[in-house]
Amino acid sequence: MKSALICVICVPLLVSAQARANTVSTATLRDEVNSFLGKELAAHLSAIKSLDPPPERILGVPTTGEYSWGTFMRSLAAYAETTGNRELAGRDIAKWVGQIGLIESRAGSKAFSQLYAALALRHFGRDLKTNPLWQGLSPEEQKAWRSLLNPERFYDPKTNKVINLADNYLGVAARIASIGYELGISDDRAFLDRLLERAAVQFDNGNIYADDSPPSGRYDRYSNEYARYVYEAAETAGRKDLMDKLRPSLKAQMRLWWDVVSEDGYGYNWGRSQGVVSYLDTPEIVGFLASHPEFRPAPLADLAALYYQAWNYLVKDYRKDAHLLSIFAFGRGNYAYISRDREWQQTTGFFGKLANSHTPIMNALEKEGIATFPLVPSLPQVARFEFFRKSPERSAGVWVVRQGELRFALPITTGPKPGMSDYLPAPHGLPGFAAPVEQIYPSLTPFIELADGRTVVAGDGADVIEPSGDGRSLRVRWTRWAVVGAPSGKVEDVGLTSEVVWRLEKGTLVREETVSAKQPVSIRRWRLVIPSTHNNFDMEQLRQGFVRFQSSKGMLDVIFGADFPVQGRLVAAGDTAIGRGVHGAIPLHLVYEASDRSVSSRSPLKYKLVLKPGSQDAQK
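Below: a short report on this structure. (Residues numbered from 1 in each chain as written. Predicted model: local features only at pLDDT ≥ 70, side-chain atom pairs only at ≥ 80, totals over all residues. Heavy atoms only, no water.)

### What about the sheet that holds strand β20 (residues 497-505)?
- One open sheet holds the 7 strands; their spatial order is β16-β17-β20-β21-β27-β24-β23, and the pairing between them is antiparallel. Among the strands making up the open sheet, the edge pair consists of β16 (464-467) and β23 (546-551). Within this sheet the neighbouring strands show an average axis-to-axis angle of 15°, counted without direction.
- Where strand β24 (residues 554-562) and strand β27 (residues 605-614) come together, 8 bridges link them in antiparallel fashion. From the neighbouring strand, M555 faces β27, where its bridge partner is G614. (Pairing = 2+ DSSP bridges. Helix = DSSP H or I, 4+ residues; strand = E, 2+ residues; numbered from the N terminus. Axes fitted to C-alpha atoms, helices over the stretch in contact; angles between N-to-C directions.)

Structure follows, in structure tokens:
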């Protein structure tokens with residue numbers, strides 16, 4: 001009896017220990033993040049000996065990149081609010097933030113620098129009479145801050161448009177104006193209302209997604225951010241009519257984000273906001289959802305788990321010796337706007353987005369009685385197509401799949417340039433495959449060079465998109481093609497028709513394409529590349545039409561067959577542009593090429609590609 005009693009008592013203890021190992025404590029995470037922010041912000045603040053003049057480098061990296069000082073001051077202010085601390089590294093935070101704002105004001109800084117200034121001011125209180133930042137400024141300095149908080153630096157009220165910027169910046173302008181009105185910086189209600197109504201135009205007539213470059217059809221993560229920004233601006237301004245207009249969009253966009261996001265917290269895996277930016281998206285979105293429960297696509301505990309995973313990735317990516325994120329590590333690709341002079345800005349942006357989101361997330365967890373939450377989110381199985389736009393002119397959307405090892409988003413949309421790798425209709429996020437960042441490159445989408453020298457791509461939206469009812473296959477047709485070097489969104493009839501069928505089949509992703517023409521069309525060169533994140537490859541297999549890429553992370557099997565002569569070769573990318581991916585190096589590229597072909601109604605080009613990703617366990 002005695003030994004039996006011991007077993008009965010022992011089992012619950014073991015189960016409890018295992019449960020604790022798979023959960024995260026809300027209180028512990030609150031302290032962990034606040035401690036990290038305090039330590040690291042102090043390191044950056046201590047490195048600034050004087051703001052007169054502002055140093056051109058901090059901790060060895062430039063401070064001269066766009067939005068740099070605005071990002072840093074917002075981070076300090078958000079930390080002050082989330083922790084209640086008014087001093088850091090022996091300095092008065094409000095006073096230092098006030099002086100940093102003057103740097104941005106004198107520089108004529110725009111857009112996000114202005115938004116971060118508005119947020120920084122509000123972090124210290126909505127009543128300027130008791131706001132320590134505002135009260136610490138002289139009348140002349142307050143005048144400079146008022147200038148900094150004027151969205152007319154990049155928004156023209158006469159044309160009701162942003163100046164030389166993408167449409168998502170209307171959301172930035174709307175937030176600046178709404179905060180300025182809320183704090184009493186501006187009293188022009190007509191100006192605010194007109195700007196808010198202009199920003200919300202994309203959601204008229206039941207439209208759900210925002211085109212970032214109308215009318216070209218550029219849809220990416222900015223659609224989600226734009227909707228959030230306009231909603232928050234309308235909420236601040238008390239425009240319930242606009243909030244009602246945006247509700248359907250936010251519900252649909254949050255569901256799509258939940259279907260796209262990776263288990264480790266990586267958000268949108270196509271478009272120009274890749275790498276660190278896509279991880280930083282997750283705290284912001286979860287913070288918004290913590291404060292706006294009606295838009296949650298999943299239980300708060302799972303959202304918190306995703307926030308924890310993004311935090312865990314970012315803190316591991318953080319170089320504590322240098323106090324910087326590893327943005328430019330070997331093999332890491334970034335869009336050109338994240339240049340070397342923005343390394344400090346991106347790092348301090350991490351602090352600001354984390355601090356700004358942390359309190360609403362933690363407070364929501366405690367309010368809803370969630371003392372612990374899962375270590376890993378429970379993400380649903382998904383196979384569906386989401387239309388961004390249905391139009392006889394040009395349709396756009398994304399095929400979202402999360403089925404075991406098959407995990408990807410395949411966008412059919414327009415990029416900043418035709419043929420841009422990050423916007424091609426390819427399975428972005430598929431384990432073992434990665435498109436090199438911001439390259440004109442045929443990543444799992446053929447480039448066809450015509451006899452006249454033009455290179456055409458089946459991209460920039462599509463003429464016909466036909467998803468299956470069960471979401472497990474997708475048929476797409478292009479009769480008008482994007483031309484490399486032409487303006488974004490401009491498509492042409494080049495005499496060719498491409499019909500592509502994608503389908504899920506027994507753990508594989510199959511792509512079959514037929515290129516035909518009513519009248520003979522000469523093709524000088526056809527090229528398709530499969531870039532892989534795995535670093536091992538057997539050349540002998542290539543001759544047999546079967547290739548297995550593999551590494552310690554898993555494997556990717558490739559089977560290729562065509563009814564026309566195709567040559568295959570392997571390219572080692574090294575430290576070149578095509579070797580840099582959003583998560584790290586893309587060492588090997590499998591290149592298929594054909595030349596001097598004639599296409600007609602009787603002799604189309606047909607090929608079939610089969611991809612099968614696998615885990616480490618599958619190799620054993």
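That shown, we press on.
### Topic: the pattern of salt bridges
- Tallied over the full model, the rule gives 39 salt bridges.
- Notably, a salt bridge pairs D193 with R189, separated by 3.1 Å at the nearest N-O pair. A residue pair is termed a helical-turn pair when its members lie 3 or 4 positions apart in one helix, as D193 and R189 do in helix α9 (residues 189-199) at 4 residues.
- The partly exposed category is assigned to R189, whose relative accessible area is 25%.
- Residue R407 is joined to E405 by a salt bridge in which the shortest nitrogen-to-oxygen separation is 3.8 Å.
- Residue classification places E405 among the partly exposed residues on the basis of a relative accessible area of 29%. (Salt bridge = Lys/Arg side-chain N within 4 Å of Asp/Glu carboxyl O. Buried < 20%, exposed > 50% of the residue type's maximum accessible area, 1.4 Å probe, protein only.)

### A short note on the packing of helix α3 (residues 68-83) against helix α14 (residues 343-367)
- At a minimum axis distance of 8 Å, the contact between α3 and α14 shows a crossing angle of 30°. Classified by the interaxial angle, the pair formed by α3 and α14 is roughly parallel. In the packing of α3 onto α14, the handedness of the crossing is left-handed. In this structure, α3 contributes S68, W69, T71, F72, R74, S75, A78, Y79 and T82 to the contact, and α14 contributes W344, Q345, T348, G349, F351, G352, K353, A355, N356 and T359.
- Residue composition of the contact of α3 with α14, by class: 7 nonpolar, 10 polar and 2 charged. (Parallel < 35°, antiparallel > 145°, perpendicular 65-115°, else oblique. Left-handed = near helix turned anticlockwise from the far one by under 90°. Contact = heavy atoms within 4.5 Å. Nonpolar A, V, L, I, M, F, W, Y, C, P; charged D, E, K, R; others polar.)

### Regarding the side chain of S178
- On the secondary structure map, S178 appears in helix α8 (residues 169-183).
- Judged by its relative accessible area of 2%, S178 falls in the buried class.
- Ignoring sequence-local partners within four residues, the contact set of S178 consists of L192, A233 and T236.

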